[in-house]
2 protein chains.
Amino acid sequence: MRIGELSERSGLSRDAIRFYEKTGLVESHRSPNGYREFGADAVPWLAYVRTAQRLGFSLAEIAAHGAELREAPDSAAALSALFAEKLAVVDAKMAELASLREELAERAGAGCPLSPDPLRSTFGGRPI
Amino acid sequence: MRIGELSERSGLSRDAIRFYEKTGLVESHRSPNGYREFGADAVPWLAYVRTAQRLGFSLAEIAAHGAELREAPDSAAALSALFAEKLAVVDAKMAELASLREELAERAGAGCPLSPDPLRSTFGGRPI
DNA sequence: GTAAACGGTGGAGTGCACTCCAGGGTCAAG
DNA sequence: CTTGACCCTGGAGTGCACTCCACCGTTTAC
């Protein structure tokens, strides 16, 4: 598929896709006329990129992950290790998010009294 | 406390703190000599800011949340609503992260067969 | 054959979140 | 009274992640 179709299907701008290609986040080969040609894989891959990005991973990190995937010896064991590693990163983020959530949940619960300065009562105890 | 101490205690640079103050992320009053004076609350608040930031919230969003907290009518009901709202945002992020995690966990599990192109097998089915 | 739709490149510009000066005032210790 | 640690402001610069633009070639439809 060419860049226009990928743009529509991924919801990313053409410029963004070209930028991603330049930074190694997505691959393409070129038609004889010089047009980029993307595989069908590009669509879910870009969706993954967006999700990971929204969750606070930089494009560099995501690109590194993609490169590792591509370069990994194609053995189940090696790939399992790779994914386990990423899993740990995601789990760490989830834990952070959980503690943030907890802090908020405490406040949202049945009318807890609040001091004149909400911050004091909210974050004065255990720092998040 | 002055900016140097807050910098040490929060792990943020003086410049970053001054920048945060300029954008309304943290408040201070001034000593007669013009020095910024921060309350003890600033330390846990800045820790919260950093955590939220790492999790993909922009400084503008965090500042808005802080402002809402400060401006909220000091009634338990209003604040509960405020926190419940933030809670929903955090929960949405957790859900995204969970689906990312699931995708990774599937791969990391006992040797699942992989096609020549790992991406196809990883993301070819349901886009994340 | 020409117009519209699509593609290419290079480079400038944008917004965010800082970082790094330069130039200068404040304050406690020696 | 000077030295050093600390603070101020304003402005320039940086890295990331794009976005916009001008100018040009290609392909498709009429």
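Think of each chain on its own: its residues are numbered from 1, step by step along the sequence as written. Chain letters start at A and ligand numbers start at 1, both assigned in the order the entries are written. A pLDDT threshold of at least 70 governs which residues receive local features in this predicted model, and a stricter bar of 80 or more applies before side-chain atom pairs are shown or counted, although totals over entire chains, interfaces and linings include all residues. For side-chain calculations, the full set of non-hydrogen atoms in the structure is used, while hydrogens and water are omitted.

Draft legend 1. Seen up close, the overall build of chain A. Each helix is a run of DSSP H or I of at least 4 residues and each strand a run of E of at least 2, with the numbering of both proceeding from the N terminus. What chain A contains, in helices and strands, is six helices and two strands. Scored against the burial criterion, the 128 residues of chain A give a buried share of 43%. By definition in these notes, contact holds between two residues if any of their heavy atoms fall within 4.5 Å. In chain A, once contacts between residues fewer than 6 apart in sequence are set aside, the share between residues at least 24 apart is 43%. The accessible surface values rely on the Shrake-Rupley method and a 1.4 Å probe; as for residues, cover is taken only from the protein chains in view. Split by element, the accessible area of chain A, about 6500 Å² in all, is 54% carbon and sulfur. Three labels apply to residues, based on accessible area from a 1.4 Å probe with only protein chains included: buried if under 20% of the type maximum, exposed if over 50%, partly exposed otherwise in between.

Draft legend 2. Expanded view of helix α1 (residues 3-10) of chain B. All names here are of chain B. For α1, the complete set of buried residues consists of Ile3, Gly4, Leu6 and Ser7. All buried residues of α1 lie within an arc of 165° about the axis, which places them on one face of the element. Those residues of α1 that are buried lie in contact with α2 (14-22), β2 (36-37) and α3 (42-54). In the stretch just after α1, Gly11 is the one whose phi turns positive, near 80°. Taking the helix axis as origin, the arc is that swept by the directions to the C-beta atoms.

Draft legend 3. Here's a closer look at the pattern of salt bridges. Any Lys or Arg side-chain nitrogen found within 4 Å of a carboxyl oxygen on Asp or Glu counts as a salt bridge. Applying the stated criterion across every chain yields a total of eight salt bridges over all chains. Across the pair A:Arg36 and A:Glu21 runs a salt bridge, and its minimum N-O distance is 3.1 Å. Pair noted here: A:Arg36 is in strand β2 (residues 36-37) and A:Glu21 is in helix α2 (residues 14-22), with a separation of 15 residues, a long-range link. Here the two residues A:Arg36 and A:Glu21 agree in accessibility, since each one is buried. Two residues, B:Asp15 and B:Arg18, come together in a salt bridge whose shortest N-O distance is 3.7 Å. Separated by three residues within a single helix, B:Asp15 and B:Arg18 lie in helix α2, roughly one turn from each other. According to the relative accessible area criterion, B:Arg18 is partly exposed, its value standing at 32%. Shared partners join several salt bridges into a network, and the residues in it are A:Glu21, A:Arg30 and A:Arg36.

Draft legend 4. The packing of α1(B) against α3(B), seen in detail. Residues and elements named next belong to chain B. Remark: α1 packs on α3, axes separated minimally by 10 Å, with the N-to-C direction vectors making an angle of 50°. On the basis of their axis angle, the class for α1 and α3 is oblique. α1 and α3 meet at a crossing whose hand is right-handed. Of α3, the residues touching α1 (which contributes Leu6, Arg9 and Ser10) are Ala42, Val43 and Leu46. Axis definition: a line fitted to C-alpha atoms, limited for helices to the stretch in contact. Angles are taken between N-to-C directions and run from 0 to 180 degrees. Here the word oblique covers every angle except those under 35 degrees (roughly parallel), over 145 (roughly antiparallel) and from 65 to 115 (roughly perpendicular). Handedness of a crossing is defined here by the sense of rotation of the near helix relative to the far one, left-handed for an anticlockwise turn of less than a right angle and right-handed for a clockwise turn.

Draft legend 5. Broad picture of the protein's contact with DNA strand C. For this purpose, a residue is taken to be near a molecule or strand whenever a single non-hydrogen atom of the residue falls within 4 Å of it. Contacts to DNA strand C come from 20 residues, most closely from A:Arg14, A:Arg18, A:Arg36, B:Asp15 and B:Tyr20. What you see for DNA strand C is that sugar and phosphate hold 76% of its atoms within 4 Å of the protein. For this analysis, a polar contact is any N or O atom pair within 3.5 Å, provided that within protein one partner can donate a hydrogen and the other can accept it, and provided that sequence-adjacent residues contribute only side-chain to side-chain pairs. Between a phosphate oxygen of DNA strand C and a side-chain N or O atom of A:Arg18, the distance comes to 2.6 Å. One nitrogen or oxygen atom from the side chain of B:Tyr20 is found 2.6 Å from a phosphate oxygen belonging to DNA strand C. Looking at the surface near DNA strand C, the elements with two or more residues in it are α1 (3-10) and α2 of chain A together with α2 and α3 of chain B. Looking at the surface near DNA strand C, the element that brings in the most residues is α2(B), giving four residues. In this count, Pro and Cys sit with the nonpolar residues alongside Ala, Val, Leu, Ile, Met, Phe, Trp and Tyr, while Asp, Glu, Lys and Arg are called charged and the others, Gly among them, polar. Residue composition of the surface near DNA strand C, grouped by class: seven nonpolar, six polar and seven charged.

Draft legend 6. Local environment of the protein's contact with DNA strand D. Near DNA strand D, the surroundings consist of 20 residues, among which A:Asp15, A:Tyr20, B:Arg14, B:Arg18 and B:Arg36 are the closest. Contacts to DNA strand D include A:Ser13, whose side-chain N or O atom sits 3.0 Å from a phosphate oxygen. Contact between DNA strand D and A:Tyr20: a phosphate oxygen at 2.6 Å from a side-chain N or O atom of the residue. Of all the elements in the fold, those that place two or more residues in the surface near DNA strand D are α2 and α3 (42-54) of chain A together with α1 and α2 of chain B. When residues of the surface near DNA strand D are assigned to their parent elements, the largest contribution, four residues, is made by α2(A).

Draft legend 7. Seen up close, the packing of aromatic side chains. Each Phe, Tyr or Trp ring (for Trp, its six-membered ring) is paired with any other whose centre lies within 6.5 Å, and the angle between the two planes then decides the class: stacked below 30 degrees, edge-to-face above 60, tilted in between. With the rule as written, the count across this model stands at four aromatic pairs over all chains. Plain terms: the ring middles of A:Phe19 and A:Tyr20 are 6.3 Å apart, the flat faces sit at 50° to each other, and that makes the pair tilted.

Draft legend 8. Region of the structure containing the side chain of A:Glu21. A relative accessible area of 18% places A:Glu21 in the buried class. Every residue in contact with A:Glu21, bar those within four places of it in the chain, is listed here: A:Val26, A:Ser28, A:Arg30 and A:Arg36.

Draft legend 9. Geometry of the confidence of the model for chain A. In this model, chain A carries a mean pLDDT of 74, and residues with pLDDT of at least 70 account for 62%. You can read pLDDT as the predictor saying how much it trusts each residue, on a scale of 0 to 100. In the predicted structure, residues 107-128 of chain A sits below a pLDDT of 50 and forms 45 contacts with residues beyond four places in sequence or in another chain.

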